[in-house]
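Spelled out, the chains give:
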There are 4 protein chains.
Amino acid sequence: MALLRKINAKARTEINTGFGANAADYGGRFVNKNGEPNIEKHGVNFFEKISWFHSMLALPRWKFFTLIFAFYIIINLLFAIVYYLVGVEHLSGVKTGNDAEKFAEAFFFSAQTFTTVGYGRISPLGFVTSAIAALEALIGLLSFALVTGLLYGRFSKPTAHIKFSGNAIIAPYKDINALMLRIAPYKNITLIDAEAKLTLGMITEENGIKKNKFFPLALEFNTVNSLTLSWTIVHPITEDSPLYGFTKEDFENIQGEFLVFIKAFDDMFSNTVVTRSSYTFKEIIVGMKFNPMYHRNDEANKTILDLGKLNSFVPAALNSNLAGKAVNS
Amino acid sequence: MALLRKINAKARTEINTGFGANAADYGGRFVNKNGEPNIEKHGVNFFEKISWFHSMLALPRWKFFTLIFAFYIIINLLFAIVYYLVGVEHLSGVKTGNDAEKFAEAFFFSAQTFTTVGYGRISPLGFVTSAIAALEALIGLLSFALVTGLLYGRFSKPTAHIKFSGNAIIAPYKDINALMLRIAPYKNITLIDAEAKLTLGMITEENGIKKNKFFPLALEFNTVNSLTLSWTIVHPITEDSPLYGFTKEDFENIQGEFLVFIKAFDDMFSNTVVTRSSYTFKEIIVGMKFNPMYHRNDEANKTILDLGKLNSFVPAALNSNLAGKAVNS
Amino acid sequence: MALLRKINAKARTEINTGFGANAADYGGRFVNKNGEPNIEKHGVNFFEKISWFHSMLALPRWKFFTLIFAFYIIINLLFAIVYYLVGVEHLSGVKTGNDAEKFAEAFFFSAQTFTTVGYGRISPLGFVTSAIAALEALIGLLSFALVTGLLYGRFSKPTAHIKFSGNAIIAPYKDINALMLRIAPYKNITLIDAEAKLTLGMITEENGIKKNKFFPLALEFNTVNSLTLSWTIVHPITEDSPLYGFTKEDFENIQGEFLVFIKAFDDMFSNTVVTRSSYTFKEIIVGMKFNPMYHRNDEANKTILDLGKLNSFVPAALNSNLAGKAVNS
Amino acid sequence: MALLRKINAKARTEINTGFGANAADYGGRFVNKNGEPNIEKHGVNFFEKISWFHSMLALPRWKFFTLIFAFYIIINLLFAIVYYLVGVEHLSGVKTGNDAEKFAEAFFFSAQTFTTVGYGRISPLGFVTSAIAALEALIGLLSFALVTGLLYGRFSKPTAHIKFSGNAIIAPYKDINALMLRIAPYKNITLIDAEAKLTLGMITEENGIKKNKFFPLALEFNTVNSLTLSWTIVHPITEDSPLYGFTKEDFENIQGEFLVFIKAFDDMFSNTVVTRSSYTFKEIIVGMKFNPMYHRNDEANKTILDLGKLNSFVPAALNSNLAGKAVNS
C-alpha cells in the first residue's frame, strides 16, 4: 500500500462525484466498462427496483422480439385454455376433431381475435365466449398500442453512437508525456459541441483509513465543435497531474480507474446524448502512440475515417523530462 | 408569536419564489408532501382548468386501465343501443332470441366493429346500419390511436425516480450541527448532474402584519456529478443560517416548512427530470444521524445500495459550540 | 410626430430583435395578440411555405377531427368509385339492387377494408379487385399510423398554459409608478423557473427617417422560481425607463407596442415552454391597480387562485414624484 | 502557394473544430453544401455504420413510401410462396383455378392477414397454415407499429426550416467592407434566440507542411431574439479579420471555405434546431449588396417577407479605406 502514497500531492481532488468516500464499503470497480455504475439496489421489491420501460429499451434487439413472440404465444395459450374450458361448441364454425385439434382451433381463434384479423370461419357464439373474445380483442389492441410505443421508444432513444478505443495509452506529448484515449462516432449521425470529462478514481490510505479519492484530469481540449472524425482525448501529465511521477510499474501494480464521460449534441434529433466508459490501470499501455485513423480518398475529394484503426497504436519512446521521467521505467 | 422573532436576522431571504408574501391570504402548507403546490384554481370552467393529457399521464396505472375498460363497455353499450333501435334485422347473421339475446348480439357486433376484429358472422345490412358501423370502426381506430399516444406518453414521461427520506434530521456536522435529509435513486436509471435546492418557508410577523418569508438554505454541496448512491443533502447551521439559535422546542412549536427541489439529467432519455418534496417542522427529528446505506457485497466486486435504510437513523449527540448550542435543548 | 420625440433619451435600445429597423417597410403591429409575428411569407410555393405537421398541430380540435372525418368519407368515395367501375360482381356477397344500392355496398366494402374491419360478408374476387383492396388496406393502416402520430403530437405538444391579463396598467409602485401586467397558469401543471422579457417597440423619427426602435424594459423580477400563483410583471418607470415623462395623453396618442415573452420549464413533460403576447398603447389603462387574485379557503388549509380576477383592477392615485409625475395627467 | 501567406497574421485561429490539422490527409471540402461533413466511414460493417432509424428519417418522402410499398409486396410474396408450398387446400374458401390463380389467392390471403383485414372468404385450415397465418398477423401488426413510429419520427423530427442565400457577398459596410450572407425562415414556425457561427477553413502552409487552419469570424450580431424576418449575417472585415487585405483575385484563386452554423429554438416543439451550410470562395461574389426582402402590404397592416429575394443582390462600390482597400481590386 506504500504505492498509494505515490499520488501527486498537488493534484486537485473532487468530492461531489456521487460515489461515497468510505472505501471499505466499496466492492470492485466504480463504473463498468459499458459505463454503468457497478452498484446493486436492495431493500425495495423487484417492481419498484426496475423501470420496466427503461429495461425494455435497454434490451438487445433479439431479446426484445423474442419476448414479444413469447408473450404472443403465452397469451394465446391462456385464452385458448379459457375458450376450451368454456366449450369449443361456443365457437361457431370450429372444426371438431380430437381434443388436440379442438384446442388448436381454440388457439388459432384466439390468435385471430388478439390480432383482430378475425377471419370469421370461427366466431364466438353465446354470451360468455363472446364477452371473452371482446375482452381479448381489447387486450390485443392495447398490447399493440404498447408495442408501438416501445418500438418507437427503442429507436428514438437518444444514443451516443461513439466507440471508445479498447485501451488508453501513455504516449509522448510535446516535451512531456500524456495519457491518451481515442473516441470516434461510428454511425451516420452528426454530433456537435462534444465535451469530455476524465476522472481518476483510486483507493487511497489516509491515517490508516482507506478512502475513495477522485481526481479530475485536465485535458488538452475539453470540447470539440463537431465530432466528425476521431477525437484523441489527451491528459498531459504535467506537474499538477495526479499521475505525475508514476512509473510503468505503478500502472501495473496500483489499482486505479479512469472514468470517461462524453456529452454531445445530436443535431438530427436535437438532443443531448451522453456516454461513459472506464479504463482500469490494467487497460493502460505505457509507451505507445496512436496510428492515424483518417486519410483522403483516391479521388482526393473526400476524407475516409477508418474505424478499424480506433485502437491501433505503435511503440513510441516516452519523453524523459521532468514530467515524463517517472513514466519512463 | 414571539417565537417568530427567533429567526436569525442575518439570514438571506428570497422574494421571487412564486409564492405571494401576504400570509393572511394563505392556507395550510406551501407545498404538499408529494411536491405539488397546495393551491386550488377557481374562476375557469372545469375543462379549462385541467389539461386532460397531463391528468391522464398522472393517473395511477390501475385507474388508467379501469378508465379504458369502462370507456370500452360504455361505447359498446351506446352503439348496441343504436343498432338495436335501428333494428337487429339489419345485422345479417344475428342469432335471434329474446330481446336480451338480441341486444347482446348487437353489443358484441359493436365490440367486433370497434376493435375491427370483424369476424363477419354478424355483418351490417342496409345503408343506416352500415353507415353506423363504418363510423364506429373509425371511432374505434381513433380511440386506439389515442390510447397508443397516451400509453407512450405515460411510460416515456420523464420521471425522477428518486425517494426522499421520510424525515429530515438535525445531526452533528463537523464542529457544528446541520439539517440533513437523504435521497436515493430507486430504479435502474442513471441520473447525472444532480442539483438540490433547499428553501425554508415561514410565516413571520413584521409590524403586526403576517408575511410569508422564504430563506434559501446554503448546502454543503449543491450538485453531485452522478446520483448513483444515496445523497445526503446537508445544510450546515452556521451563523448565517436562519436556523441559527433554534432549540429543539423551537422546531416543535414553530410552524415552518422546508421545500426541497431536485433536478437531474436522466441520461437514458436525455432529459432533465425534477422532483420536489417538503418537510414541515413536525417532520424534523433533532439529534439524530443517518445510518450508512451502502456496503460491498460478499464477493467484494459490487456495491450494494440498501434502499430500506433510506430513513434509518440513530440518536447522536449534537455539538454545543456556538452554531450548534441552541439546537441542543 | 412631435410626440415621438418624447421618448426618454437615456433609455437603452436593443438592435438584434429580429425585427428590421426600417419602419417604412413595416405594416401594422409587430406581434399579434396571440403572440405570432405579424408577417406573411411570399416567394415560395404553398407547400414550401407551410409545415403541414406544424399546421395540423396548431389546428383547433374540432377542425382537426372534421378534417379526419372528411378524409375518411372522401377516400372511401374514391375507392367506392374504383370498385364500382371495376365491377361490383367482383365483390363476392354484395347485395345487388339498383345502382345506388350497389354503389353503397361498394362504399361500405371500402370502409370495411380501409378500417381493416373486414367482416367478409362482402369480399374481393379476382385479381384487380383483390389488388385494389390490398392497396386500400395498406393505405388505411398507413393513414391510422399517421393519425396516431398526429394525435400524439397534438396532445404532447409543449404548451405554456398561461393566461395574460387583457390589459396592462400604469399603477403606483413604491414612490414612483410602474407598468404592470399579470399572468397566471390555468391548468393542472407546474411551471418552474419562469422568466419574463418585456420589450417596447415604437416607430421613432430620426433626421426625418422613420425607424423601428426597441427598448428592453427593466423588470422588478425577471424570474420566479415557481409559477404557482399569479405573477404581476412590473416595469418600474424610473429615470432610465423609455416611458419616463409620459403623460396619460401620450399613451392615448402615441403608437407603441409592448411585447411580452414568457419562458418556463414544465416539469411534468420536462421541457421548456414559451408564450408571447403584445399590448398596444390602446390596451394600457393609466391609474389603476390590480385586485388580489388569491385567498385562503374556508378550512384555511389551501390557497385558492381565482383566475376570473386576472384582469380585475380598480382606480388608484398615481404618484406625482419625479419619475411618476408625467404619467399623472 | 504564395497566396496562402496572405492570411492576416493577426487573425485568431481555432483548434478544437473536430476537423484534423494535417491537410495532407484531407480530400475535398470540409463540409458539403447541405451541411454534412464530407467524410466516409470505413472499417465497420454496413449495419454498424448506419443508424437505420436516422436513415429512414432522412429519406426523401417518396423514397420512404416506395420502400414501404415494396416491403408490403415482398413480404406478401414470401408468405404467398409459403402458403402455396404448404398447399392452397389448407386455405378454406380459396377459388381453385390454374396455378397462377391459386398463387394469387394465396397472395391476397397473405395481404388480408398481414393487414389484419381478414375478410374470411379465405381462411386457414389445419395446424401449419393456421400457425403461419398467426405469425404473419403478428408480423403485420409489428410492422405497422414500426411504421407508426417511423412516420411520427419523420414529421416530429426537429428541423430548422431555414434557407441560406446561394451566395455570400463582399459588400460595403459602414466605412469598411464586410462578408455577408443571408438566411430566412420559410415555414410557419417561430424560431427564437437564433445564434450564428461563421468559421473560415483554409489549407495553409507552414514550413512546407500543409495544415488545415480554422478562423472563427467575428460577427456584427451573434444572436437575434426572434428569427421572423430575414437575417443578414455580417462579418466586418476589420484589421483583425483573416480576410483583411484580400483582393478580389484572392477570392478567385485561393481555396477556402466558410462554414456557417445556425442554432435556434423552435418554440412550437420546444426544442433546439440546428442547421449548417458552407460557402467555398468560388461562391463568394465581391462588390455586391443585398436587396431588401420585406415590405409592408397594401393595407399597411402586415409585413410581407419575399423569400424569392433571398439571394438577390446588386453591384455596390466597396469602400477603399484601410480595411476595405484590399478587396477593391
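Residues numbered from 1 in each chain as written. Chains lettered and ligands numbered in written order. Predicted model: local features only at pLDDT ≥ 70, side-chain atom pairs only at ≥ 80, totals over all residues. Heavy atoms only, no water.

Caption draft 1: Inspection of the overall build of chain A at higher detail. Helix and strand counts for chain A stand at seven helices and 17 strands. Structurally, chain A occupies a C-alpha span of about 90 × 65 × 35 Å along its principal axes. Looking at chain A as a whole, 58% of its 329 residues are labelled buried. Long-range pairs, those at least 24 residues apart, make up 69% of the contacts in chain A between residues at least 6 apart in sequence. (Helix = DSSP H or I, 4+ residues; strand = E, 2+ residues; numbered from the N terminus. Buried < 20%, exposed > 50% of the residue type's maximum accessible area, 1.4 Å probe, protein only. Contact = heavy atoms within 4.5 Å.)

Caption draft 2: Region of interest: the packing of aromatic side chains. For the coordinates displayed, the defined rule picks out 80 aromatic pairs over all chains. Consider the rings of Phe 290 of chain D and Phe 313 of chain D, whose centres lie 6.0 Å apart with planes at 65 degrees: the pair is edge-to-face. Here Phe 290 of chain D, found in strand β14 (residues 288–290), pairs with Phe 313 of chain D, found in strand β17 (residues 313–315); they are 23 residues apart in sequence, far enough to count as distant. Lys 163 of chain A extends its terminal NZ or CZ atom over the ring of Tyr 186 of chain A, reaching a point 4.6 Å from the ring centre. (Phe/Tyr/Trp six-rings, centres within 6.5 Å; stacked < 30°, edge-to-face > 60°. Lys NZ or Arg CZ within 6 Å of the ring centre and 35° of its normal.)

Caption draft 3: Summary view of the interface of chain B and chain A. Listed as interface residues are 58 residues of chain B and, on the opposing side, 73 residues of chain A. Summed over both sides, the interface of chain B with chain A buries roughly 5,600 Å², with 61% coming from carbon and sulfur. Considering only the surface of chain B that becomes buried against chain A, Tyr 119, Phe 155 and Met 268 of chain B emerge as the three largest contributors, covering 13% of it. The tally of links between chain B and chain A comes to one salt bridge. (Buried area = accessible area lost by both parts, 1.4 Å probe. Salt bridge = Lys/Arg side-chain N within 4 Å of Asp/Glu carboxyl O.)

Caption draft 4: Fine view of the environment of Lys 263 of chain D. Following the sequence through the fold, Lys 263 of chain D ends up in strand β11 (residues 256–266). Placed 103 residues apart in sequence, Lys 263 of chain D and Ala 160 of chain D show a C-alpha to C-alpha distance of 8.1 Å. Not counting chain neighbours up to four residues away, the residues in contact with Lys 263 of chain D comprise Asp 193 of chain A together with Asp 193, Ala 194, Glu 195, Thr 272, Val 273 and Val 274 of chain D.

Caption draft 5: The arrangement of the packing of helix α3 (residues 61–86) of chain A against helix α4 (residues 99–114) of chain A in detail. Residue and element names in this part refer to chain A. Where α3 meets α4, the axes come as close as 8 Å, and the angle between the chain directions of the two elements is 120 degrees. Taken as axis vectors, α3 and α4 run oblique relative to one another. Taken as a pair, α3 and α4 cross one another with a handedness that is right-handed. For the pair formed by α3 and α4, the contact residues are Phe 71, Tyr 72, Ile 73, Ile 75, Asn 76, Leu 77, Phe 79, Ala 80, Ile 81, Tyr 83 and Tyr 84 on the first element and Asp 99, Lys 102, Phe 103, Ala 106, Phe 107, Phe 109, Ser 110, Ala 111, Thr 113 and Phe 114 on the second. Tallied by class, residues from the contact of α3 with α4 come to 16 nonpolar, three polar and two charged. (Axes fitted to C-alpha atoms, helices over the stretch in contact; angles between N-to-C directions. Parallel < 35°, antiparallel > 145°, perpendicular 65-115°, else oblique. Left-handed = near helix turned anticlockwise from the far one by under 90°. Nonpolar A, V, L, I, M, F, W, Y, C, P; charged D, E, K, R; others polar.)

Caption draft 6: Broad picture of the interface of chain A and chain D. Contact residues are listed per partner, giving 58 residues for chain A and 73 residues for chain D. When chain A packs against chain D, close to 5,600 Å² is buried across both sides, 61% of that on carbon and sulfur atoms. Looking at the side of chain A facing chain D, the largest losses of area belong to Tyr 119, Phe 155 and Met 268 of chain A, adding up to 13% of the total buried there. In this structure, the connection of chain A to chain D is made through one salt bridge.

Caption draft 7: The arrangement of the environment of Gly 208 of chain D in detail. Residues and elements named next belong to chain D. On the secondary structure map, Gly 208 appears in the loop between β7 (191–206) and β8 (209–216). Judged by its relative accessible area of 57%, Gly 208 is exposed. Separated by ten residues in the primary sequence, Gly 208 and Leu 198 place their C-alpha atoms 28 Å from one another.

Caption draft 8: Focus on the relation of the copies chain A and chain D. Mapping chain A onto chain D is achieved by rotating through 90 degrees and translating by 0.1 Å along the same axis, at an RMSD of 0.1 Å. Look at the turn and shift together and you get a four-fold axis relating the two. When the interface residues of chain A are mapped onto chain D, a mere 12% of them again fall at the interface, so the copies present different faces. (Least-squares fit on C-alpha atoms with pLDDT ≥ 70 in both.)

Caption draft 9: Representation of α3 of chain A. The first and last C-alpha atoms of α3 of chain A sit 38 Å apart over 26 residues, in line with the 38 Å expected at 1.5 Å per residue. Of the positions making up α3 of chain A, those classed as buried are Phe 64, Ile 68, Tyr 72, Ile 75, Asn 76, Phe 79, Ala 80 and Tyr 83 of chain A. Elements in contact with the buried residues of α3 of chain A: α2 (52–58), β2 (91–92), α4 and α5 (127–156) of chain A together with α5 (127–156) of chain D. Remark: Gly 87 of chain A follows α3 of chain A within two positions and exhibits a positive phi of approximately 120 degrees. (Expected span 1.5 Å × (residues − 1).)

Caption draft 10: Structural view of the pairing of β8 of chain D. By the bridge criterion, eight bridges tie β7 of chain D to β8 of chain D in an arrangement that is antiparallel. In the strand pairing of β8 of chain D, Thr 204 of chain D is matched with Lys 211 of chain D. (Pairing = 2+ DSSP bridges.)

Caption draft 11: Spotlight on the environment of Phe 214 of chain B. Residue and element names in this part refer to chain B. Summarising the element assignment, Phe 214 is placed in strand β8 (residues 209–216). Residues Phe 214 and Ala 11, 203 residues apart in the sequence, show an inter-C-alpha distance of 10.0 Å. With residues up to four places along the chain from it excluded, the contact list for Phe 214 reads Arg 12, Thr 13, Glu 14, Thr 17, Phe 19, Gly 20, Phe 30, Thr 199, Leu 200, Gly 201 and Leu 259.

Caption draft 12: Structural view of the relation of the copies chain B and chain A. In the superposition of chain B on chain A (RMSD 0.1 Å, axial shift 0.0 Å), the rotation amounts to 90 degrees. With a heterologous cut-off of 20% or less, the 12% of interface residues of chain B that recur at the interface of chain A puts this contact in the heterologous class.

Caption draft 13: Just the confidence of the model for chain A, in detail. All names here are of chain A. Overall, the predicted model of chain A reaches an average pLDDT of 87, with 95% of residues at or above 70. Segment residues 322–326: pLDDT under 50, and 14 contacts once partners within four positions in sequence are set aside and those in other chains are kept. Scoring of the predicted complex yields 0.88 for pTM and 0.85 for ipTM. (pLDDT = per-residue confidence, 0-100.)

Caption draft 14: Region of interest: a nonpolar patch on the surface. Taken together, the side chains of Phe 69, Ile 73, Ile 74, Leu 77, Leu 78, Ile 81 and Leu 85 of chain A together with Leu 135 of chain D make up a nonpolar region of the molecular surface, amounting to roughly 700 Å² of accessible area. Ranked by residue count, the leading element in the nonpolar patch is α3 of chain A, at seven residues. Along the chain, Ile 73 of chain A turns up in helix α3. Overall, the relative accessible area of 31% leaves Ile 73 of chain A in the partly exposed class. (Patch = residues over 30% accessible without salt bridge, like charges linked within 9 Å, V, L, I, M, F, W, Y side chains within 5 Å. Areas by Shrake-Rupley, 256 points an atom, 1.4 Å probe, with all protein chains shown as cover.)

Caption draft 15: How the structure looks around the sheet that holds strand β16 (residues 303–306) of chain D. Spatially, β1(C)-β16(D)-β15(D) is the arrangement adopted by the three strands of the open sheet, whose pairing is mixed. Unpaired on one side and paired on the other, β1 (39–42) of chain C together with β15 (294–296) of chain D mark the two borders of the sheet. Across this sheet, the average inter-strand angle for adjacent strands is 25 degrees, counted without regard to direction. Note: β1 of chain C against β16 of chain D, four bridges, orientation parallel. Directly across from His 42 of chain C, in β16 of chain D, lies its bridge partner Asp 306 of chain D.

Caption draft 16: Expanded view of the pairing of strand β10 (residues 231–236) of chain C. Residue and element names in this part refer to chain C. Burial within β10 is extensive, with five of its six residues counted as buried. As paired elements, strand β6 (residues 176–185) and β10 share six bridges and run antiparallel to each other. Looking at the pairing, Ile 183 lines up with Trp 231 of β10.

Caption draft 17: Geometry of the packing of α5 of chain A against helix α5 (residues 127–156) of chain B. Contact pair α5 of chain A / α5 of chain B: the axes reach a minimum separation of 9 Å and the direction vectors enclose 50 degrees. Between α5 of chain A and α5 of chain B, the interaxial angle falls into the category oblique. Judged by the twist between their axes, the crossing of α5 of chain A over α5 of chain B is right-handed. Residues Leu 138, Leu 141, Leu 142, Ala 145, Leu 146, Thr 148, Gly 149, Leu 150, Tyr 152, Gly 153 and Ser 156 of chain A of α5 of chain A touch α5 of chain B, and the partners they reach there are Phe 144, Val 147, Thr 148, Leu 151, Tyr 152 and Phe 155 of chain B. Residue composition of the contact of α5 of chain A with α5 of chain B, by class: twelve nonpolar, five polar and no charged.

Caption draft 18: Representation of the pattern of salt bridges. All names here are of chain C. Per the counting criterion, the structure on display carries eight salt bridges over all chains. Where Arg 121 meets Glu 105, a salt bridge forms, and the shortest distance between an N and an O atom there is 3.2 Å. Highlighted residues: Arg 121 in the loop between α4 (99–114) and β3 (123–124) and Glu 105 in helix α4, separated in sequence by 16 residues. When sorted by exposure, Arg 121 lands in the same class as Glu 105, which is buried.

Caption draft 19: Structural detail: the sheet that holds strand β16 (residues 303–306) of chain C. The mixed open sheet is built from three strands, whose spatial order is β1(B)-β16(C)-β15(C). Strands at the two margins of the open sheet, each flanked by one partner only, are β1 (39–42) of chain B together with β15 (294–296) of chain C. Direction aside, the axes of adjacent strands within the sheet are offset by 25 degrees on average. Alignment of β15 of chain C against β16 of chain C, held across three bridges, turns out to be antiparallel.

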